[in-house]
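Single-letter residue listing:
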Amino acid sequence: MAELSQILKQATGVVAARGEGVQLFDEDDRRYLDFTAGIGVTSTGHCHPRVVAAAQEQVGKIIHAQYTTVMHRPLLTLVDRLGEVLPQHLDRMFFANSGSEAIEAALRLSRQATGRPNVIVFHGGFHGRTVAAASMTTSGTKFRSGFSPLMAGVHVSPFPDPGHFGWPVEQATDFALSQLDYVLQTLSTPADTAAFFVEPVLGEGGYVPANERFFAGLRERADEHGILLVVDEVQTGFGRTGKFWGGDHFGSQPDILVTAKGLASGFPLSGIAASSALMEKAWPGSQGGTYGANAVACAAAVATLDVIQDEGLVQNSAERGAQLKQALQMVADKHEQITDVRGLGLMVGNEFRDANGKPDPVTAAAVQQEAARRGLLLLTCGAWSQVVRFIPALVVSPDEIDEAATVWSDAVSAITT
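All residue numbers refer to position in the chain's written sequence, counted from 1. Restriction of local features to residues with pLDDT of at least 70 applies here, the model being predicted, together with a cutoff of 80 or more for giving and counting side-chain atom pairs; totals for whole chains, interfaces and linings are based on all residues. Values reported for side chains reflect all heavy atoms of the structure, with hydrogen atoms and water molecules removed beforehand.

### Things to note about the sheet that holds strand 13 (residues 338–343)
Worth spelling out the cut-off: Any two strands with at least two DSSP-identified bridges between them are counted as paired. Starting at the N terminus, helices and strands are each numbered in turn, a helix being any DSSP run of H or I of at least four residues and a strand any DSSP run of E of at least two. Here an axis means a line fitted to C-alpha atoms, over the contact stretch when the element is a helix, while the angle between two N-to-C directions is reported on a 0 to 180 degree scale.
Within the open sheet, the 4 strands sit side by side as 13-14-17-16. Their pairing is antiparallel. With partners counted over all chains shown, the strands left at the sheet margins are strand 13 and strand 16 (379–381), one partner each. Mean inter-strand twist for the sheet, computed between neighbouring axes without regard to direction, equals 30 degrees. Across 4 bridges, the pairing between strand 14 (residues 348–352) and strand 17 (residues 387–390) is antiparallel. Across the sheet, N350 pairs through a bridge with V388, a residue of strand 17.

### Describing the domain arrangement of the protein chain
Here is the rule we go by: Here the limits of each domain have been adopted from an automatic or database domain assignment. Here, two residues are considered to be in contact whenever any of their heavy atoms come within 4.5 Å of each other. Buried area adds together the accessible area that both of two parts lose upon being put together, with accessible area traced by a 1.4 Å probe.
As far as domains go, the protein chain holds domain 1 (2–34 + 312–416) and domain 2 (52–310). On a C-alpha basis, the centroid separation for the pair domain 1 and domain 2 is 25 Å. Contacts between domain 1 and domain 2 engage 25 residues on the former and 27 residues on the latter. Across the domain 1 to domain 2 interface the summed buried area is about 1,900 Å²; carbon plus sulfur atoms make up 60%. Considering only the side of domain 1, the residues that lose the most area to domain 2 are V314, L344 and M347, jointly responsible for 35% of the buried surface there.

### Quick notes on the pairing of strand 12 (residues 270–274)
The condition is simple: A simple rule labels every residue: compare its accessible area, found with a 1.4 Å probe on the protein chains alone, to the largest value its type can have, and call it buried under 20%, exposed over 50%, or partly exposed in between.
For strand 12, the tally of buried residues reaches 5 of 5 residues, placing the bulk of the element in the interior. Of the two faces of strand 12, the one holding S270, I272 and A274 and the one holding G271 and A273 are both buried throughout. Sheet topology places strand 4 (residues 92–96) next to strand 12; 5 bridges connect them, and they run antiparallel. Within the sheet, the bridge partner assigned to A96 lies in strand 12 and is S270.

### Considering the packing of aromatic side chains
Threshold: Aromatic pairing here means that ring centres of Phe, Tyr or Trp (its six-membered ring) are within 6.5 Å. Orientation follows from the plane angle: under 30 degrees is stacked, over 60 is edge-to-face, and everything else is tilted. Here, over-ring charges are defined by two tests on the NZ atom of lysine or the CZ atom of arginine: distance to the ring centre within 6 Å, and angle to the ring normal within 35 degrees.
Enumeration according to the criterion identifies 15 aromatic pairs in this entry. For the pair F214 and F215, a centre-to-centre distance of 6.3 Å together with 85 degrees between the ring planes defines the contact as edge-to-face. Residue classification places F215 among the buried positions, given a relative accessible area of 3%. Arranged with centres 5.7 Å apart and planes meeting at 20 degrees, the rings of F215 and F250 form a pair that is stacked. Of the two residues, F215 is situated in helix 8 (residues 212–225) and F250 in the loop between strand 10 (228–232) and strand 11 (256–259); the sequence distance between them amounts to 35 residues. An identical accessibility class is assigned to F215 and F250; each is buried. Each member of the aromatic cluster is reached from another via a ring pair, and the members are F122, F159, F196, F214, F215 and F250. Looking at R18, its charged tip hangs above the ring of F25, at a distance of 3.9 Å from the centre.

Now the structure itself:
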């Protein structure tokens, strides 16, 4: 009898039977608050009626219309609609299935457009699990170990993480930018550097936000040296951070924007956006794929955009995120093991450290599991898995935030006292 790979590790033991909004129900009809959103994917919640209706209607028309063979209306509509929310200078799209695929498409475009071999990524960043994307990932060794050699041409520079360095954010930013200059001087000369790849908020790296001065410094150096700025919005995009794009908090001006996860409320879809002038520098035949821009996924993405706009979900993310962060900080104030509550919008992390100030993945995992037993589904992240993250769907209500905070408080108390 075939079984799942034993290497797959489930964060919870729940066997989900159905979902509605931020609520999941198992096969015994027990209710859970899902504050994982499928790792930030179900942006409009589980089975939003408008997304379901759009997908059902499209399934009855055409499911797979391969978009380098024929075009289809959901794709054309999606491109038009994305033009309303993307930065104005990004007017060309390429679609794929996953965040990793989109990152690799952005890498390929960056190298072909500049004729340069190297890229610079930032410590703690997560960009995917495929070979090139994993080579660019530094959020944890589990994503990149055991299948070397990795792709050449990747250099790593510090991210301005105040908690990691134990410095104020300004000092951490000074250090990060000075070390970037050092990398350009010692490891990858600008003439060999195609792009910077950066997340506005470290995702798997621990939910650490960047800042405006850091992004301004990246843009300044990119412009000075003809380097492309690639902003990885796979997890931060589509309203997750309380603005439509995470980089909007910092005045980000990307040359390439990468999106996935919440783009289609659970259907596999990803993409990159660039200017027409940049996109035309891609080599003929370098962009394609069998399932990219699947008709059903595109129809779901259009419906997702409708729901986000009509229900004010970006604003809800900002408001509910502030409510959530305040509630979690109140819990942290009572427990010295939680040393930081951070994030933007509905992307909030709680960092656990031990009495010696070292990362404490054991307590983080114990609290995450205790919360699941009490009906609140959460995930961990961070280099040591010492951060417990809250990423509910953007439709989450004030009452659901309060309920989750209560369960969290009880779970923390049960484990730490």
